[in-house]
Amino acid sequence: IDTARALSTLFNVWRDDLGNAMLFTLGLQLGADVPACIEGRPVYMGGIGEKLELTPHLPLTWLVLANPGISVSTPAVFKARNEMMGDTFSAPARFHNHPHDTAHFARQLAERHNDLVAPASALSPAIAEVFSALETLEGTLLTRMSGSGATCFALFASEREAQAAAAKLAQAHPQWWVKATQMLDEPLPM
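Residues numbered from 1 in each chain as written. Predicted model: local features only at pLDDT ≥ 70, side-chain atom pairs only at ≥ 80, totals over all residues. Heavy atoms only, no water.

Student: What exactly am I supposed to notice about the pattern of salt bridges here?
Tutor: If the charged atoms of two oppositely charged side chains come close together, the side chains can form a pair. Inspection of the entire model under this criterion finds four salt bridges. Between Arg 94 and Glu 53 there is a salt bridge, and its shortest N-O distance comes to 3.8 Å. Taken together, the residues span a long stretch of sequence, with Arg 94 in the loop between α4 (74-85) and α5 (102-110) and Glu 53 in strand β2 (residues 51-54) at a distance of 41 residues. Classification of Arg 94 as partly exposed rests on a relative accessible area of 29%. (Salt bridge = Lys/Arg side-chain N within 4 Å of Asp/Glu carboxyl O. Helix = DSSP H or I, 4+ residues; strand = E, 2+ residues; numbered from the N terminus. Buried < 20%, exposed > 50% of the residue type's maximum accessible area, 1.4 Å probe, protein only.)

As structure tokens, this is what we get:
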């Protein structure tokens, strides 16, 4: 997000010289997730991050994000996935109707998965530990890994549940980065 904000600031300065397409192109060269961060709201990502499509409106949802304090090489995760499962990925599994509430959203996401969880966890077993710890927190509706890892997240229906879960997780794992936050459905001001 910091990269996206810096680019957006530069864009505001250079507005006459650059268009939105150029901003996204520059962002993509810095990281596959930068265009999505520039968009600043939930999107389906395709390709290597350059294909963005807005999701249906999402309900107010709280997340607990957790990272065990490690970084995982995205190319290494894709290489391990290729060695484990070949080069065929799951078909995109978008949903087109907006979820009624967070529980419905969690059920829709439960029907989908991240093809990179097994290889990322094989490369860095701490990811599986984070995943497991998030799953056992009271109020967790769904647990997933973000992208190629190592950050994982759990969905919660309320701020109170997410904050309590984050506090409990941070106390149990003080070496991890843990954050409760609201999932945005509207763009952030840049």
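From this point, things continue past the structure.
Student: Looking at this structure, how should I read the sheet that holds strand β6 (residues 177-183)?
Tutor: As a general point, the strands of a sheet are linked pairwise by backbone hydrogen bonds and lie either parallel or antiparallel. Strand order across the open sheet formed by four strands is β4-β5-β3-β6, with antiparallel pairing between neighbours. Pairing within the sheet leaves two strands with one partner each, and these edge strands are β4 (142-145) and β6. Between one strand axis and the next, the sheet turns through 25° on average, direction left out of account. Judged from the seven bridges that link them, strand β3 (residues 61-67) and β6 form a sheet pairing that is antiparallel. Bridge pairing in β6 links Asn 67 to Trp 177. Sitting on the sheet, helix α8 (residues 159-172) is in contact with β3, β5 (152-156) and β6, with an inclination near 15° to β3. (Pairing = 2+ DSSP bridges. Axes fitted to C-alpha atoms, helices over the stretch in contact; angles between N-to-C directions. Contact = heavy atoms within 4.5 Å.)

Student: Hey, could you run me through α4 in this one?
Tutor: One turn of an α-helix holds 3.6 residues; hence residues three or four places apart share an orientation. The terminal C-alpha atoms of α4 lie 16 Å apart, and with 12 residues this matches the ideal 16 Å at 1.5 Å per residue to within 8%. For α4, the set of buried residues is Val 77, Ala 80 and Arg 81. All buried residues of α4 fall inside an arc of 105° around its axis, so they share one side. Exposed residues pointing more than 90 degrees away from the buried face of α4 are listed as Pro 75, Lys 79 and Glu 83. In the core, the buried residues of α4 are packed alongside α6 (117-123). Among the residues trailing α4, Gly 86 stands out with phi positive, at a value near 80°. (Expected span 1.5 Å × (residues − 1). Arc of directions from axis to C-beta.)

Student: Is there a simple way to think about α8 in this case?
Tutor: The first and last C-alpha atoms of α8 sit 20 Å apart over 14 residues, in line with the 20 Å expected at 1.5 Å per residue. Restricting attention to buried positions, one finds in α8 the residues Ala 162, Ala 165, Ala 166 and Leu 169. Looking straight down α8, one finds its buried side chains confined to an arc of 100°; they lie on one side. Exposed and facing more than 90 degrees away from the buried side of α8 are Arg 160, Lys 168 and Gln 171. Against the buried residues of α8 lie β3, α7 (126-135), β5 and β6.

Student: Got a minute to help me understand the nonpolar core in this structure?
Tutor: Generally speaking, nonpolar side chains in soluble globular proteins are found buried as a group. With 25 residues, the main nonpolar core has Val 64, Leu 134, Phe 156 and Leu 169 as its most contacted residues. Of all the secondary-structure elements, those providing two or more residues to this core are β3, α7, β5, α8 and β6. In terms of residues, this core owes the most to one element, α7, which gives five residues. In contact with Leu 169, not counting residues within four places along its chain, are Val 64, Ala 66, Ala 133, Leu 134, Leu 137, Trp 176 and Val 178. (Core = buried A, V, L, I, M, F, W, Y, C linked by side-chain atoms within 4.5 Å.)

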